[in-house]
Amino acid sequence: MLTAQQCSVDKAGKIKTLFIFTLTCKVIIIFKIKEDYIMAIVGPLNGVTVVELGNQVAAATCTRMMADLGANIIKVENTAGGDTYRAWPRAIGAPIDDDFNPIFDVLNANKRAISLDLKSEGGHKVMYSLLENADIFITNVRTKGLSHIGLDYDTLKVKFPKLIMGQQVGYGEKCPDK
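Keep in mind it's a predicted model, so treat the numbers as computed, not measured.

Before going further, it helps to examine the overall build of the protein. Of the regular secondary structure elements, the protein holds five helices and nine strands. A total of 178 residues make up the protein; the buried ones form 33% of that total. Counted over contacts in the protein with a minimum sequence separation of 6, partners at least 24 positions apart contribute 50%. With the model as given, the accessible surface of the protein reaches about 11,400 Å², and the carbon-plus-sulfur share is 57%.

This brings us to the nonpolar core. Counting 19 residues, the largest nonpolar core has Val-51, Leu-53, Met-127, Leu-131, Phe-137, Leu-151 and Leu-156 as its most contacted members. Breaking this core down by element, the ones donating at least two residues are β5 (49-53), β6 (72-77) and α3 (121-132). Setting aside chain neighbours within four positions, we find Phe-137 in contact with Val-51, Leu-53, Met-127, Leu-131, Leu-151, Leu-156, Leu-163, Ile-164, Met-165 and Gly-166. In terms of nonpolar packing, the next biggest core, distinct from the first, is built from nine residues, Val-48, Ala-59, Met-66 and Ile-73 among them.

Moving on to the packing of aromatic side chains. Using the criterion set out here, one finds one aromatic pair in the structure. Relative to Phe-160, the ring of Tyr-128 has its centre 5.6 Å away and its plane inclined at 80 degrees; by these criteria the two rings are edge-to-face. Within this pair, whereas Tyr-128 is found in helix α3, its partner Phe-160 is found in the loop between α5 (153-159) and β9 (164-167), the two being separated by 32 residues in sequence. On the accessibility criterion, Tyr-128 (14% relative accessible area) is buried. Judged by relative accessible area, Phe-160 falls into the buried class, the value being 12%.

The phi angle at Asn-110 is positive, at roughly 65 degrees, despite the residue not being glycine. Following the sequence through the fold, Asn-110 ends up in the loop between α2 (102-108) and β7 (111-115).

Okay, the confidence of the model for the protein next. Detailed reading of predicted coordinates is not advised where the pLDDT is low. Looking at the protein, pLDDT values average 79 and 72% of them are 70 or higher. Every residue in residues 1-9 is under pLDDT 50, and counting partners more than four places away or in other chains gives 21 contacts.

With that settled, consider the environment of Lys-111. With respect to the element layout, Lys-111 can be found in strand β7. Since its relative accessible area comes to 15%, Lys-111 is described here as buried. Along the sequence, Lys-111 and Glu-52 sit 59 residues apart, while their C-alpha atoms lie 9.6 Å from each other. What Lys-111 contacts, discounting residues up to four positions off in sequence, is Glu-52, Ala-60, Thr-63, Arg-64 and Ile-73. Among the polar contacts made by the side chain of Lys-111, one reaches the main-chain carbonyl oxygen of Ala-60 at a distance of 3.1 Å.

Thresholds, definitions, all that
- Residues numbered from 1 in each chain as written.
- Predicted model: local features only at pLDDT ≥ 70, side-chain atom pairs only at ≥ 80, totals over all residues.
- Heavy atoms only, no water.
- Helix = DSSP H or I, 4+ residues; strand = E, 2+ residues; numbered from the N terminus.
- Buried < 20%, exposed > 50% of the residue type's maximum accessible area, 1.4 Å probe, protein only.
- Contact = heavy atoms within 4.5 Å.
- Areas by Shrake-Rupley, 256 points an atom, 1.4 Å probe, with all protein chains shown as cover.
- Core = buried A, V, L, I, M, F, W, Y, C linked by side-chain atoms within 4.5 Å.
- Phe/Tyr/Trp six-rings, centres within 6.5 Å; stacked < 30°, edge-to-face > 60°.
- pLDDT = per-residue confidence, 0-100.
- Polar contact = N/O pair within 3.5 Å; in protein donor to acceptor, adjacent residues only side chain to side chain.

Here it is in structure tokens:
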């Protein structure tokens with residue numbers, strides 16, 4: 001749903017809000033400063049930084065929704081080809097080339113990405129630096145895998161007590177089919 005309203009002009013004339021548009025959960029404000037127009041998009045998660053360590057759909061879908069609500073998403077991919085969804089569409093005959101991958105793009109729009117080797121000391125150091133400045137950590141890596149690289153909940157809650165961690169694990173931790 002899109003709504004729009006024209007706002008009153010500031011008497012000082014320095015900054016005038018011309019229009020405010022509301023599009024679903026985001027507010028788009030257009031200002032005129034001197035002769036330049038500036039647009040600001042404000043969502044309920046503006047100012048929230050999220051680090052995503054995931055593969056394929058679960059974590060990517062969650063953080064895509066957060067990005068659409070204004071969060072700053074930093075997607076961490078491995079250095080051996082990145083997220084498997086970068087190549088997966090070929091397996092089902094979907095259109096894909098170096099500049100066109102609609103399945104990956106839909107899941108990862110509005111995100112920034114970095115490739116890290118989390119088994120190396122340098123990659124681990126960069127990841128901890130990202131988490132130090134993050135509000136939320138979202139992953140769909142299994143707990144055992146996270147433990148091997150020092151990114152499990154028990155380790156992170158000690159190192160980064162204010163960090164919120166969300167983990168989606170297929171079939172759960174104790175399901176016989178996991």
